[in-house]
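Topology and contacts: notes
These are the residues of each chain, in order.
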Protein chains: 4
Amino acid sequence: MRTIDLNSDLGEGYGAYSIGDDAQMLSIVTSANVACGFHAGDPEIMADVFRIARENGVAVGAHPGFPDLWGFGRRRMPYSASEIERIVAYQIGAAQALAVYAGHRITYVKAHGALGNIAAAEPEIAAAVARAIKAVDPSLRLTAIALSELVGAGRAQGLDVIHEIFADRAFGEDRQLVPRGRPGAMIEDAQQAAAHVLAMVEARAVITIDGTRHPSPIDTICVHGDSPHAVALARGVRQRLEAAGVVVQSFVPTSV
Amino acid sequence: MRTIDLNSDLGEGYGAYSIGDDAQMLSIVTSANVACGFHAGDPEIMADVFRIARENGVAVGAHPGFPDLWGFGRRRMPYSASEIERIVAYQIGAAQALAVYAGHRITYVKAHGALGNIAAAEPEIAAAVARAIKAVDPSLRLTAIALSELVGAGRAQGLDVIHEIFADRAFGEDRQLVPRGRPGAMIEDAQQAAAHVLAMVEARAVITIDGTRHPSPIDTICVHGDSPHAVALARGVRQRLEAAGVVVQSFVPTSV
Amino acid sequence: MRTIDLNSDLGEGYGAYSIGDDAQMLSIVTSANVACGFHAGDPEIMADVFRIARENGVAVGAHPGFPDLWGFGRRRMPYSASEIERIVAYQIGAAQALAVYAGHRITYVKAHGALGNIAAAEPEIAAAVARAIKAVDPSLRLTAIALSELVGAGRAQGLDVIHEIFADRAFGEDRQLVPRGRPGAMIEDAQQAAAHVLAMVEARAVITIDGTRHPSPIDTICVHGDSPHAVALARGVRQRLEAAGVVVQSFVPTSV
Amino acid sequence: MRTIDLNSDLGEGYGAYSIGDDAQMLSIVTSANVACGFHAGDPEIMADVFRIARENGVAVGAHPGFPDLWGFGRRRMPYSASEIERIVAYQIGAAQALAVYAGHRITYVKAHGALGNIAAAEPEIAAAVARAIKAVDPSLRLTAIALSELVGAGRAQGLDVIHEIFADRAFGEDRQLVPRGRPGAMIEDAQQAAAHVLAMVEARAVITIDGTRHPSPIDTICVHGDSPHAVALARGVRQRLEAAGVVVQSFVPTSV
């Protein structure tokens, strides 16, 4: 029997602004990556998501990003690896405190946006993210894109690594996500997305765009929460997985 | 034998900006209240202060303030008591994580500036600050101005309250700090400041400007770090206390 | 023949965040109040709105607010009247420059949110807003809620005052807008809103909730852009006015 | 008879933070480059500097930088040339409005920090800065490092270019400023700095570190305001220039 986690980036609003339908997504996913106030999120939003996640039995992770509200964390900001350690540590702590405040508990960390991209591709940044987690709380799991640099960096720090694939993104022949904007990068149809990830879960491998299988644990599937059809796609993926006998559940116990 | 803690607000810079001489103050005080990035401070500065404090055996506390970098946390911002809970919780967590990152440990919380003033005077705000600490980590001590509303609020939450007086500020007949700008509010001479606090430490009482004694534990003395003569005043107060046989030490063990 | 202007608060997004459907509203209104980056808006959004407004023959005004992105400018921030002068002046200038950059021209100023509310009610704040406009460019018109303190403050500075009523808000017996949340404050039906403002335009008077007429010029009608039915309501109001023979056009020439 | 302008970056504080001694520098220099609120400066500080500059007969320029208060505008932020146009336009307008508010007038623009560095070296960024100025107000002068890419970009837009050298920085053999940290980059002695710039003013040429003369107009000398000896160095340079018969005055009339 296969089990798999479904994660989504949530709590991405700021004050009067909102992105995505957090309440709906929290009824579908099993893990919520919660923005920590640097690229999105504020204490009100964070505490709300933590509370609803607790009520729904959804695990919560810190989702640190660059301090770039204007750019929503999607731009590479000019911070050194060493500075990134402190930026990540700060955000993990803030999320931990608000999660506990809301009766929940942070169990993992996933880097957001541009920070996630460079942590996946650059060993020095990957190591910085892993060191920050290790320093703050070595019991925290590290969500890392399967086959990425971050996997090894997390293991080198002794962290429990969660291997991630994406419902709506393809892996290229170079074993990295096909950059947005390139042909085949995005998978927008729910059934196609579901089939895409189910194949990988069953194969226990990343399947690149050319069909090659690269063995890897597959622990969690990211479903995005901010596209127009996000809720439908997430629900479709979950239903298809369950129909195939895959148990959709968090990789951590979610009762606090 | 009397013992007393000396605390100061440190880490109050931001990026290229600095206020006060943190390194000097960390060689004099026994507790450092560290700004958490909302009214001052950034992850680099926070981690630096935590590291130097650890090296010097100085205890560290979270020093949360309003999200108001422009106003340095000195203005009352329009947040409800409930929102203040989350604002304080967020900042405590951020400070805890960076302290651990730097090999140190947050052992108390002291509210900054306008937040500190209203927490001292208004029961609803005092309760909010105390609830935030209780929710995040009930082992954290709460530094509260002696005789203020925050003392009772902390006790009501079961927190260990640290009673604070100020080297350079007088208490009025209403048992509250004389507002800055009023006659007698500020004590700028180091010897006068030292005598002022020594009398209270020995009397185990707050002595108001009219000479009345109001019994209260006196656990810590705040020496400000941001005035031109801050270092000299802090050093003078410490020397005078020690000359009188008072042991100047933190209220918590500082080896991590 | 009556003429009337229709204005709406636009450009209220920030980076990846958006509020309302600017493109649709710019096909309906004749004046766009453009957020200036303090409570919402950024240079990209501002320049875009100015460009589309120019293409559509829509007049543009600066819509300054408190520096409070988190609170979307809806909270009263602790600034003095004197500081408000500089805050408003800064934002007017930024808007003027980006309007010219985009081939358009700022012709009026309307205060946003909490700043607008206090400028309507408090003579000292009203005077500050008027002085800022006068100092920066006395040819700028001042949009002021009809019968409010801001009308007199603008006139006292020699400014050309534009008298404003609201499609979806009622005036109370005290001649001020009924606060949101009170019974009768909001008018959500497009036909009712249209009838509400048409009556005032034809009467050349503010008609309060009890039916009393208070003579006042009526120069512009605010239609909000951020509610779910904003576009439909704005379109309905415009159609009803035109059907009644009212010419809907800006109070300024809009060709640059 | 030679005439030369002395400029300095001023108004670089933020709220309670300050950098440099603006009042002293405004008694020495003839042009003040005023931070516009993105990397430093706030409306209070801006208006104050404009007012004092007016009283002292000092010309004022907008000194736009990247939106990076944390990094004081010294880091290259990830904005495209097109976005930089809007960022610069916004800041020019804000400065213009507050200058007029304070009874003064912006007469030039000089890019700050990392933005200044890349505008000097990269044609695309240089063109963006020049286009922003041209679009907002083509009567504004453009201060450009002598021999830099920005000189040509300004001329291409028809702007009046002010050629700048630095009292405390050497030009390398590549005709660009020697990067900080390299040997010979900084000139810290006031007499040496004075001799350095006087030679260039008299030669009507940039003299690189190897002694080569590159003919160029020399219109203004930048003296930094934020180093410990800034005031002494600025005063020393001015005195030496005047002793050599050079008239130190702004390149624009400064009575408004």
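Higher on the page you've got the structure.
What you see is a predicted model; the values in this text were computed from it and never measured.

What counts, and where the lines are drawn
- Residue positions are given per chain, counted from 1 along the sequence in the order it is written.
- Whichever chain is written first is A, and whichever ligand is written first is 1; the rest continue in order.
- Side-chain atom pairs in this predicted model are given and counted only at pLDDT of 80 or more, local residue features only at pLDDT of at least 70, and totals for whole chains, interfaces and linings cover all residues.
- Values reported for side chains reflect all heavy atoms of the structure, with hydrogen atoms and water molecules removed beforehand.
- Think of it this way: any DSSP run of H or I at least four residues long counts as a helix, any run of E at least two long counts as a strand, and we number them from the N terminus.
- To get the radius of gyration, use the C-alpha atoms; to get the globule rule, take the number of residues to the power 0.38 and multiply by 2.2 Å.
- Partly exposed describes any residue whose relative accessible area lies between the buried limit of under 20% and the exposed limit of over 50%, with all areas from a 1.4 Å probe on protein chains only and scaled to the type maximum.
- When checking whether two residues touch, look at their non-hydrogen atoms; a contact exists if any pair is within 4.5 Å.
- Residue burial considers only the protein chains on display, and all accessible areas are found by Shrake-Rupley using a 1.4 Å probe.
- A positive count includes Lys and Arg, and a negative count includes Asp and Glu. His and the chain ends are not counted in either.
- The atoms used to mark charge sites are NZ of Lys, CZ of Arg, CG of Asp and CD of Glu.
- Superposition of the copies was done by least squares, using only C-alpha atoms of residues whose pLDDT is at least 70 in both.
- Buried area: the accessible area, evaluated with a 1.4 Å probe, that two parts lose upon being put together, summed over both parts.
- Salt bridges are counted wherever a side-chain nitrogen of Lys or Arg sits within 4 Å of a carboxyl oxygen of Asp or Glu.
- Residues are grouped as follows: Ala, Val, Leu, Ile, Met, Phe, Trp, Tyr, Cys and Pro are nonpolar; Asp, Glu, Lys and Arg are charged; every other residue, Gly included, is polar.
- By the convention used here, strands pair only if DSSP detects at least 2 bridges between them.
- Place the viewer so that the strands point away; then a crossover is right-handed whenever the path from the first strand over the helix to the second strand goes clockwise.
- For this analysis, a polar contact is any N or O atom pair within 3.5 Å, provided that within protein one partner can donate a hydrogen and the other can accept it, and provided that sequence-adjacent residues contribute only side-chain to side-chain pairs.
- Any two of the Phe, Tyr and Trp rings considered here, Trp counted by its six-membered ring, make a pair once their centres fall within 6.5 Å; the pair's planes then place it as stacked at under 30 degrees, edge-to-face at over 60, or tilted in between.

1. Section: the overall build of chain A
Each helix and strand in chain A was counted, giving eight helices and ten strands. By the compact-globule yardstick of 18 Å for 256 residues, chain A fits well, its C-alpha radius of gyration being 17 Å. Taken over the C-alpha atoms alone, chain A extends approximately 40 × 40 × 35 Å along its principal axes. Buried positions account for 62% of the 256 residues belonging to chain A. Partitioning the contacts of chain A with sequence separation of at least 6, the portion at a separation of at least 24 is 72%. Split by element, the accessible area of chain A, about 9,200 Å² in all, is 47% carbon and sulfur. Between the mean site of the 22 positive side-chain charges and the mean site of the 28 negative ones, chain A shows a separation of 4 Å.

2. Points about the relation of the copies chain C and chain B
Under the fitted operation, chain C is carried onto chain B by 0.0 Å of movement along the axis and a turn of 180 degrees, and the coordinates agree to an RMSD of 0.0 Å. A rotation of that kind, with that shift, is consistent with a two-fold axis. Every residue of chain C has its C-alpha some distance from the rotation axis, and the shortest such distance is that of M77(C), at 3.2 Å. Of the residues that chain C buries at the interface, 100% are likewise interface residues in chain B, meaning the two copies contact each other through the same surface.

3. Thoughts on the interface of chain C and chain B
Of the residues lining the interface, eight residues belong to chain C; the matching set on chain B comes to eight residues. Approximately 710 Å² of surface area, both sides summed, lies buried where chain C meets chain B, with 71% of it carried by carbon and sulfur atoms. Counting the surface chain C buries against chain B, the share from its top three residues, W70(C), R75(C) and P78(C), is 59%. If you look at where chain C meets chain B, you find zero salt bridges. The class makeup of the residues in the side of chain C that touches chain B is six nonpolar, no polar and two charged.

4. Describing the pairing of strand β5 (residues 141-145) of chain A
Residue and element names in this part refer to chain A. Of all five residues that make up β5, five are buried, and the element is covered over most of its length. Of the two faces of β5, the one holding R141, T143 and I145 and the one holding L142 and A144 are both buried throughout. In the sheet, strand β4 (residues 106-109) pairs with β5 via two bridges, with the strands oriented parallel. Bridging across to β5, Y108 finds its partner in R141. Bridging between β5 and strand β6 (residues 161-166) involves four bridges; their strand directions are parallel. Bridge pairing in β6 places T143 opposite I162. Handedness of the β5-helix α6 (residues 149-156)-β6 crossover: right-handed.

5. Considerations on the environment of V88(C)
Residues and elements named next belong to chain C. If you trace the backbone, V88 turns up in helix α3 (residues 81-101). V88 sits in the buried class, given a relative accessible area of 0%. Placed 24 residues apart in sequence, V88 and P64 show a C-alpha to C-alpha distance of 5.9 Å. Once residues within four sequence positions are removed from consideration, V88 is found in contact with P64, L115, V129 and A132.

6. A word on the pattern of salt bridges
Inspection of every chain in the model, using the stated rule, returns 40 salt bridges over all chains. One salt bridge in this structure joins E242(B) and R238(B), with 3.0 Å as the shortest N-O distance. In this pair, E242(B) and R238(B) both sit in helix α8 (residues 230-243), four residues apart, roughly one turn of the helix. With a relative accessible area of 38%, E242(B) lands in the partly exposed category. Salt-bridge contacts for R131(D) lead to E85(D); the nearest nitrogen and oxygen are separated by 2.6 Å. With R131(D) in helix α5 (residues 123-136) and E85(D) in helix α3 (residues 81-101), this residue pair connects regions lying 46 residues apart in the sequence. E85(D) sits in the buried class, given a relative accessible area of 9%.

7. Regarding the interface of chain D and chain C
The partner chain C presents 22 residues to the 22 residues of chain D that form the contact. Among the residues of chain D in contact with chain C, R86(D), Y90(D) and Y101(D) are the three that bury the most area, contributing 40% of the side total. Joining chain D to chain C, the criterion identifies two salt bridges. The partner of E44(C) in a salt bridge is R86(D), with the nearest N and O atoms 2.9 Å apart. Taken together, chain D and chain C are joined by eight residue pairs in polar contact (both at pLDDT 80 or more). Sorting the residues of the side of chain D that touches chain C by element identifies α2 (43-56), α3 and α5 of chain D as the ones contributing at least two each. Residue composition of the side of chain D that touches chain C, grouped by class: 15 nonpolar, three polar and four charged.

8. A closer look at the packing of aromatic side chains
Applying the stated criterion to the full structure yields 28 aromatic pairs over all chains. Between the aromatic rings of Y17(A) and Y17(C), the centroid separation amounts to 5.0 Å while the plane-to-plane angle is 10 degrees, which identifies the pairing as stacked. With one member in each of two chains, Y17(A) in the loop between β1 (3-10) and α1 (22-25) and Y17(C) in the loop between β1 (3-10) and α1 (22-25) form a pair that bridges those chains. For Y17(C), a relative accessible area of 2% puts it in the buried group. Plain terms: the ring middles of F38(C) and Y90(C) are 5.2 Å apart, the flat faces sit at 50 degrees to each other, and that makes the pair tilted. Of this pair, F38(C) sits in the loop between β2 (31-35) and α2 (43-56) while Y90(C) sits in helix α3, placing them 52 residues apart in sequence. Here Y90(C) falls in the buried class, since its relative accessible area comes to 3%. In textbook terms, an aromatic cluster arises when at least three aromatic residues are bridged by ring pairs, as seen for Y14(A), F66(B), Y79(B) and W70(C).

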